[in-house]
Every structure is written in C-alpha cells, then in structure tokens.
Amino acid sequence: MELHPITLYELNSRIKRSVGQSFPTSLWITSEIAELTLNRSGHCYLQLADKRADSDEVLATARATIWASTFRALRSYFESMTGRTFGKGMKVLINVEVVFHEIYGFSLNIKDIDPTYTVGDLERRKQEILQRLKKEGMIDMNRRLEFPLLPKNIAVISSPTAAGLGDFLNQLENNTAGYRFNVKLFPAIMQGEKTTESIIAALDKIYEYADLFDVVVLIRGGGSQIDLGSFDSYELALNLAQFPLPIIAGIGHERDETIADMVAYLKVKTPTAAAVFLIECFQKQEVNLDDLQKNFILGVRDLLHELSLHQVRIMTDFKHLIAVMQANSKSRLSLLSQRTVHASAFYVKNHLETLDRLKIRMENRMLLYVERNRNQLDALVHVMAQEIRKYLADNKRKLEIALTTAKYVDPQQVLKRGYSITRLNGKALKTGIALKSGDRIETELAEGHIWSIYTKEK
C-alpha cells in the first residue's frame, strides 16, 4: 500500500479552512472566565470554561483573546453596567470569532459582551447565598449579639492607605465631647481577588485577642463601586456572621447593599458614620448618667419635702391634741406639750442624720467606681503602648532585611556587573531552542538596548 503523507502545516491549513467554512461569522456563546491575564500591551488573554450546572465538573475549555483596542471599550462598558470588576469566576455572554492558526492552534477572538447576562447571574448567585445563610440560621447571628454600652476598644479592618480610615480616626480623635478610644488596625486588602481571603485572615487575628476588643469596624471608604463584588462572598459572610464581636460595616455606597452589610450587626454608609455611631453610644450613656443624677437629686428633695409635710402633719395633730387636753388639765397639757416638742425634734434630727449618711455613702461609692475604672484604663493604655512599640520595632527590622535583600537581587545591579537580558516578544529567554531564523530579539544592557535578527547556524 503506497502512503501519501502530508505535512503538519498542510493538515492545519485544512483544519483552518474547515473552521472558516463552518464558522464564517461570529456567534454568541456563554461561558465562565477560568483565568484572565493582561499583558503590557493591553491585550487580554482568557481561559474560558464550561461546567455542569450541578457541579464544578469542566465540560469544555478554550483560549480566548480580547485585543487591546477592543478590551478598553468592552471593559469600561461592562464594569459601568454591572458594577463589578471584569475578572475571574464571572459568567459571561460573549460574541466570538472562531480562529484556527497553523502555529498557535484553536482560539476565540472576543468581539463583544452582553453585561445584562452577567448582572442576572450575579444577582442569582447573591440570592442563592442569602437563602443559604437564612437556611443555616446565619443571616442575623451577629445582630443577635449584645452590643456593649461603651464600645471603647475597637478593632479596625481596613487598608492602611484608605481615605476612609483617616476620616474614621479623625472623627474619633477629635470628638467634641473628648471621649477617648483605643483603636487597633488589622490591615487587609479591600479590593481585588484577594479581598475575601485577606479580610478573613484579619478576622482570625482579631479572634485571637477577642477579649481585648468591644467591637469590630470594617472600613472600605474611598473604594470604587466595581470592587463591591468581593463582599458578596459566602465565605466572608459566614465568617462575619459567626464572629463573637459585633461588626459595624462601612463598606458600601448609599444605594448598594452587599451580603456583608446584611450579616453585620450594623451597616453604615461611610466610615465617618461608623465613628459617629460609636461616639453617640458614649453620649447616650452620658445622658443616662445625667438623668440618674438628676433623678437622685429629685428623689432626695421629694423625700425631704415628704418628711417636712409629715412633720407638719404631726405638729398639727399634736396641737389639736394639746387643745383638747388643755380643756381637761392645763398642767397635764403643759407636760405633754414638752414631751411632744422633744419627741418631734428628736424624730426630725434622727431622720436627717440617716439621710445625710445615705448621701455620703452614695457619693463615696460613685467616687470609688470612677477611680477603679480610671486605674484599669491607665493599665490598659500602658500595655497597649508596649505592644505597639514592640510591633513597630519588629516590623522595622523586617523592613531593613527586605530592603537589603531587594538591593542584591535588583536586576539593574545584575546588569551593571556586565550581564544582560535577552527577550523575544517581551519575554526573557532562558534557552535558544525556541528561536527561529528571522526572529527579532531585544538585548537589555545596564545602559541601553540592542535589537538583533536571529540567524540560525547551518
């Protein structure tokens, strides 16, 4: 039997023609974004996946590309319509051109995207998570906690550079009533794919010292609306709902409500509003204390007035009795009158002394209570100051070590010692096997670049 082999190029050319004939125009498909990468030129490379509806079993995958000029427009349109970052894990409805290249194989060229499909899927997933939390009894678990009367010790989860964090701290430190708060920051990433993981890690650290704090404040002030998607995570909601301290969420915009907002003890519009709420807790207790003091004073006055009236009634009764007895015996009336006056004076004096002792005892107890709490507060401030100084010293040493390490591995330092970096299509070459004759390569020196055309030795 005579064989008539063809080259791989001829085979791929036939496949390319077949693909072109089968898919002469673009078509709409649904898929999930499994991976997403952006290069320096602005091109977007994706790995698409199709999964079973009832499991994560992958049924099909394909490479896809959105060229830079198209991606800029599609991304802006998609994120403005969905309010979410275009990224991994999303289900999308896309218009694709089927492409087969002799060298690079099968791929999809994305031409358009329908954001309304993704919006519907996001809302469906959000409702599924809410229903799951309700079924598990987690949706209002944090709200059932008892909120402290005076939330003085506050654990804050936020990005250290967030504008909202500065607003929150400034509001607390400069409150007109002069209340003092102990605030500890637990840094976390508040936008991007690692948001959920980072916030949960911060909650775990707070949990280790939960007895030292009264409340947790989650701050995301200043972030974009499109980064709110991370706060609709089931894992994050589960951790927030089950946390043993009340959580105040200041992460959303006025018209947006995330699942994290719904499971927190309290949702506020801004970080400043969270600070105002904490200050108002102290103001309410101060008002209650003033009311108690006023009620005590009024009670004492009422008691004195009642005793005075009682004395008047007694004196009146005695005078009437004396008048009756006087008709019978002046001498007996005189003796009885003297005894009555003496008994009345003794009675009033005895009750006034009892009232004075009660007043002094109450004042001493109030002074002792205030002094005891002041000593506890001073001790806590001293311990916190020591911990903060230790924390800063440890991180300063780590930073110095990191700076020294970075200096020695800096590519510019390596280049200055006479080494160079050779790249093909922007990627550094580790071997020449991938080079083909005619490839244009770039060589980076310590000062300047050299471009060359590779010629393979024969």
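Reading guide: rules and limits
Residues numbered from 1 in each chain as written. Predicted model: local features only at pLDDT ≥ 70, side-chain atom pairs only at ≥ 80, totals over all residues. Heavy atoms only, no water. Helix = DSSP H or I, 4+ residues; strand = E, 2+ residues; numbered from the N terminus. Rg over C-alpha atoms; globule rule 2.2 N^0.38 Å. Buried < 20%, exposed > 50% of the residue type's maximum accessible area, 1.4 Å probe, protein only. Contact = heavy atoms within 4.5 Å. Lys, Arg positive; Asp, Glu negative; His and termini not counted. Charge placed at Lys NZ, Arg CZ, Asp CG, Glu CD. Pairing = 2+ DSSP bridges. Axes fitted to C-alpha atoms, helices over the stretch in contact; angles between N-to-C directions. Polar contact = N/O pair within 3.5 Å; in protein donor to acceptor, adjacent residues only side chain to side chain. Parallel < 35°, antiparallel > 145°, perpendicular 65-115°, else oblique. Left-handed = near helix turned anticlockwise from the far one by under 90°. Right-handed = clockwise from strand over helix to strand, strands pointing away. Expected span 1.5 Å × (residues − 1). Phe/Tyr/Trp six-rings, centres within 6.5 Å; stacked < 30°, edge-to-face > 60°. Lys NZ or Arg CZ within 6 Å of the ring centre and 35° of its normal. Salt bridge = Lys/Arg side-chain N within 4 Å of Asp/Glu carboxyl O.

Pulling in residues and values, what's your account of the overall build of the protein?
Across its full length, the protein carries ten helices and 14 strands. Against the globule reference of 23 Å for 458 residues, the protein gives a C-alpha radius of gyration of 39 Å, more extended than a compact globule. Its C-alpha atoms put the protein at 160 × 55 × 40 Å along the principal axes. The 458 residues of the protein split such that 30% are buried. The long-range share in the protein, meaning contacts at least 24 apart out of those at least 6 apart in sequence, stands at 63%. Positive and negative charge centroids in the protein, built from 60 and 55 side chains respectively, lie 4 Å apart.

Requested: an account of the sheet that holds strand 3 (residues 58-66), with residues and values cited.
With respect to topology, five strands assemble into a closed barrel ordered 1-2-3-5-4, the strand pairing being mixed. The sheet shows a mean angle of 55 degrees between the axes of neighbouring strands, taken without regard to direction. As judged from the six bridges shared by strand 1 (residues 27-38) and strand 2 (residues 44-51), these two strands associate in the antiparallel manner. Residue Leu38 lies in a different strand from strand 2, and its bridge partner there is Cys44. Contacting strand 1, strand 4 (91-101) and strand 5 (105-114), helix 3 (residues 115-135) runs over the sheet at an angle of about 130 degrees to strand 4.

Please provide a residue-by-residue account of the side chain of Ser31, values included.
For Ser31, the position within the fold is in strand 1. What makes Ser31 buried here is its relative accessible area of 10%. Looking at Ser31, its side chain comes within polar contact range of the main-chain oxygen of Ala49, at 3.0 Å.

So what's going on with the pairing of strand 11 (residues 421-424)? Residues and values would help.
Across four bridges, the pairing between strand 11 and strand 13 (residues 440-444) is antiparallel. Bridge pairing in strand 13 places Arg423 opposite Glu442. Pairing between strand 11 and strand 12 (residues 427-428): two bridges, direction antiparallel. By the bridge assignment, Leu424 is partnered in strand 12 with Lys427. Between the antiparallel neighbours strand 11 and strand 12 lie two residues, among them Asn425 with a positive phi of about 55 degrees.

Please give an account of the sheet that holds strand 6 (residues 153-158) that cites residues and values.
A sheet is described by the order of its strands in space; here five strands give the open sequence 7-6-8-9-10, paired in parallel fashion. Looking along the sheet, the strands with just one partner apiece sit at the ends: strand 7 (182-187) and strand 10 (266-267). Here strand 8 (residues 215-219) pairs with strand 9 (residues 247-250) via four bridges, running parallel. By the bridge assignment for strand 9, Ile219 is matched with Gly250. The strands touched by helix 4 (residues 163-173) are strand 6, strand 7 and strand 8; relative to strand 6, the strand with the most contacts, the crossing angle is about 165 degrees.

An account of the packing of helix 2 (residues 68-82) against helix 3 is requested, with residue identities and associated values reported.
Contact geometry of helix 2 with helix 3 gives a least axis separation of 9 Å together with a crossing angle of 40 degrees. Taken as axis vectors, helix 2 and helix 3 run oblique relative to one another. Classified by chirality, the crossing of helix 3 by helix 2 is right-handed. In this structure, helix 2 contributes Tyr77, Phe78, Met81 and Thr82 to the contact, and helix 3 contributes Pro115, Thr118 and Val119.

Go over the pairing of strand 7 with me, naming the residues and quoting the values.
As defined by bridge partners, strand 6 adjoins strand 7 across six bridges and the pair is classed as parallel. Following the sheet pairing, Ile157 is matched in strand 7 by Phe186. Handedness of the strand 6-helix 4-strand 7 crossover: right-handed.

Hey, could you go over helix 3 for me, with residue numbers and the actual values?
Each α-helix winds once per 3.6 residues, and so residues spaced three or four apart point in a common direction. Taking 1.5 Å per residue as the helical rise, helix 3 with its 21 residues ought to reach 30 Å, and the 30 Å between its terminal C-alpha atoms agrees with that figure. Where helix 3 is buried, its residues meet helix 2, strand 4, strand 5, helix 6 (234-241) and helix 7 (259-263). A positive phi of about 75 degrees marks Gly137, the residue just after helix 3.

Quick one: what's the story with the packing of aromatic side chains, residue by residue and with numbers?
Counted according to the given criterion, the structure contains eight aromatic pairs. Their ring planes at 75 degrees and their centres at 5.8 Å tell us that Phe186 and Phe213 sit as a pair that is edge-to-face. With Phe186 in strand 7 and Phe213 in the loop between helix 5 (195-208) and strand 8, this pair connects stretches of sequence that are 27 residues apart. For Phe213, a relative accessible area of 10% gives the class buried. The residue whose ring lies beneath Arg132 is Tyr234, and the NZ or CZ to ring-centre distance is 3.7 Å. Over the aromatic face of Tyr391 sits the side chain of Lys184, whose NZ or CZ is 4.5 Å from the ring centroid.

Before we move on, can you summarise the packing of helix 3 against helix 6 with the specific residues and values?
At a minimum axis separation of 11 Å, helix 3 and helix 6 run at an interaxial angle of 30 degrees. The interaxial crossing formed by helix 3 with helix 6 has right-handed handedness. Here helix 3 contributes Ile129, Arg132 and Leu133 to the contact with helix 6, which in turn contributes Tyr234, Ala237 and Leu238.

Report on the pattern of salt bridges, specifying residues and quantitative values.
Scanning all chains against the criterion turns up ten salt bridges. Here Lys16 and Glu102 are joined by a salt bridge, their closest N and O atoms 3.7 Å apart. In this pair, Lys16 sits in helix 1 (residues 8-22) while Glu102 sits in the loop between strand 4 and strand 5, placing the two residues 86 residues apart along the sequence. In this structure Glu102 comes out as buried when scored by relative accessible area, which is 18%. For Arg52, the salt bridge identified is with Glu57, shortest N-O distance 2.7 Å. By relative accessible area, which is 41% here, Arg52 ends up partly exposed.

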